[in-house]
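Chain by chain, the residues:
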Amino acid sequence: MWNQLGQDIFRSHCVVTVDWTFTVDEHTYRSSKPQHPEAGVRVGTNSEAGYLASFEATHQLHCLYNLFRASYLDYHVEERRDYEKDPKIWHERVDHCTDILRQKLECDRDTTLITYNWVKGKRTPAANFNVERMCPEWSEMDSWLERHGIGNDMPPKPSDAAELDQIP
C-alpha cells in the first residue's frame, strides 16, 4: 500500500493509521452447498434459499488487518482491551489468522522473482521488493456479491439446529 507521496506505508514504523476500509468487510452471501451441509446455516426461503458463506479473500485480508492491529497494541486501544480482557481468546484469534495466511502462502506460492542490488553503505546485496504485480479485478467479485449478498447480520440459531462437535 502506498501513501499520497508514493511511499510504502508498511516500511514506515511510525505510521500505523492505514486505511483498511476497502478490504476488511466480510460480507456474506448465499451459497448452494457448504462443506458440512448437515450443520450448514440456512438462509432465505424457496428460490432464494441457500447456505451462509463468505469469500476467503476477504477473510484473509480481514486476518491481515487483525495481525496489523495486534502488532500495534499501544495504538489500537480496542485491540489492547480485547487482549487484556481474555489473552487466551485473543491469542487464539491471532493464531487463527497467522495459520490462515500461512496456508494461503504455502498453497499459492508466488513465483515472482525478487532481484538484488548493491546499495551504498550495505556490505551485502539488498533485496528489491518493488516487484510488479498483476492483481485480479475485485469489481467482478463485488458485483457478484451485490447480486447474491445477504448483508452482515448473522441469522439466529434455531433451537433444532444440527451442530458439529467442533469448528472444522
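Just so it is clear, the model here is predicted, and its values are computed rather than measured. Positions within a chain are numbered from 1, following the residues in the order the chain's sequence is written. Under the rules for a predicted model, residues below a pLDDT of 70 receive no local features and side-chain atom pairs below 80 are neither given nor counted, while totals for whole chains, interfaces and linings still include all residues. Based on all heavy atoms of the structure, the side-chain values leave hydrogens and waters out of the count.

Draft legend 1. Region of interest: the overall build of the protein chain. Numbering of helices and strands runs from the N terminus; a helix is a DSSP stretch of H or I covering at least four residues, while a strand is a stretch of E covering at least two. A tally of regular secondary structure across the protein chain gives 4 helices and 6 strands. Each helix (α) and strand (β) of the protein chain, taken in turn from the N terminus, gives the series β-β-β-α-α-α-β-β-α-β. Sequence separation of 24 or more characterises 54% of the internal contacts of the protein chain that already satisfy a separation of 6 or more. Residues count as neighbours in contact if any of their non-hydrogen atoms are within 4.5 Å of one another.

Draft legend 2. Summary view of the pattern of salt bridges. The working definition used for a salt bridge is a side-chain nitrogen of Lys or Arg within 4 Å of a carboxyl oxygen of Asp or Glu. For the structure shown, the criterion picks out 10 salt bridges. Sharing partners across several salt bridges, the network here consists of Arg69, Glu78, Glu79 and Arg93.

Draft legend 3. Representation of the sheet that holds strand β6 (residues 149–151) within the structure. Two strands are said to pair when DSSP picks up at least two bridges between them. With respect to topology, 4 strands assemble into an open sheet ordered β2-β3-β1-β6, the strand pairing being antiparallel. Two strands lie at the open edges of the sheet, namely β2 (42–43) and β6, each paired on one side alone. Two strands pair when backbone bridges link them, and β2 and strand β3 (residues 50–54) are joined in this way by 2 bridges, in the antiparallel orientation. Its bridge partner lying in β3, Val43 is registered against Gly50. Sitting on the sheet, helix α4 (residues 138–148) is in contact with β1 (28–31) and β6, with an inclination near 75° to β1. Between N-to-C directions, angles cover 0 to 180 degrees, with each direction set by a line fitted to C-alpha atoms, over the stretch in contact for helices.

Draft legend 4. Focus on a nonpolar patch on the surface. Patch membership requires over 30% relative accessible area and the absence of a salt bridge. Like charges are linked within 9 Å, and nonpolar side chains (Val, Leu, Ile, Met, Phe, Trp, Tyr) within 5 Å. In this description, accessible areas are obtained by the Shrake-Rupley approach with a 1.4 Å probe, and a residue is regarded as covered only by the protein chains that are shown. Together, Ile114, Tyr116 and Phe129 make up a nonpolar patch on the protein surface, roughly 330 Å² of accessible area in all. Tracing the backbone shows Phe129 in the loop between β5 (126–128) and α4.

Draft legend 5. Focus on the pairing of β3. Relative to β3, β1 runs antiparallel, the two being bridged by 4 bridges. Pairing of Tyr29 across the sheet is with Ala53, part of β3. Remark: 6 residues form the turn of the hairpin made by β2 and β3, two consecutive strands paired antiparallel; Gly44 in that turn has positive phi of roughly 75°.

Draft legend 6. Molecular detail of the packing of aromatic side chains. What counts as a ring pair is set by centres within 6.5 Å for rings of Phe, Tyr and Trp (its six-membered ring), and what kind of pair is set by the plane angle: stacked under 30 degrees, edge-to-face over 60, tilted for all other angles. In total, this model carries 3 aromatic pairs according to the counting rule given. With a centroid separation of 5.3 Å and an interplanar angle of 55°, the aromatic rings of Phe68 and Tyr72 are classed as tilted. Here the two residues Phe68 and Tyr72 agree in accessibility, since each one is buried. The buried label applies to any residue whose accessible area, calculated with a 1.4 Å probe on protein chains only, is under 20% of its type's maximum; exposed applies above 50%, and partly exposed to all values in between.

Draft legend 7. Here's a closer look at the packing of helix α2 (residues 77–85) against helix α3 (residues 87–107). At a minimum axis separation of 5 Å, α2 and α3 run at an interaxial angle of 120°. Accordingly, the angle class assigned to the pair α2 and α3 is oblique. Contacts from Glu79, Asp82, Tyr83, Glu84 and Lys85 of α2 reach α3 at Pro87, Trp90, His91 and Arg93. Angle categories are assigned with fixed cut-offs, so that under 35 degrees is roughly parallel, over 145 is roughly antiparallel, 65 to 115 is roughly perpendicular, and the rest are oblique.

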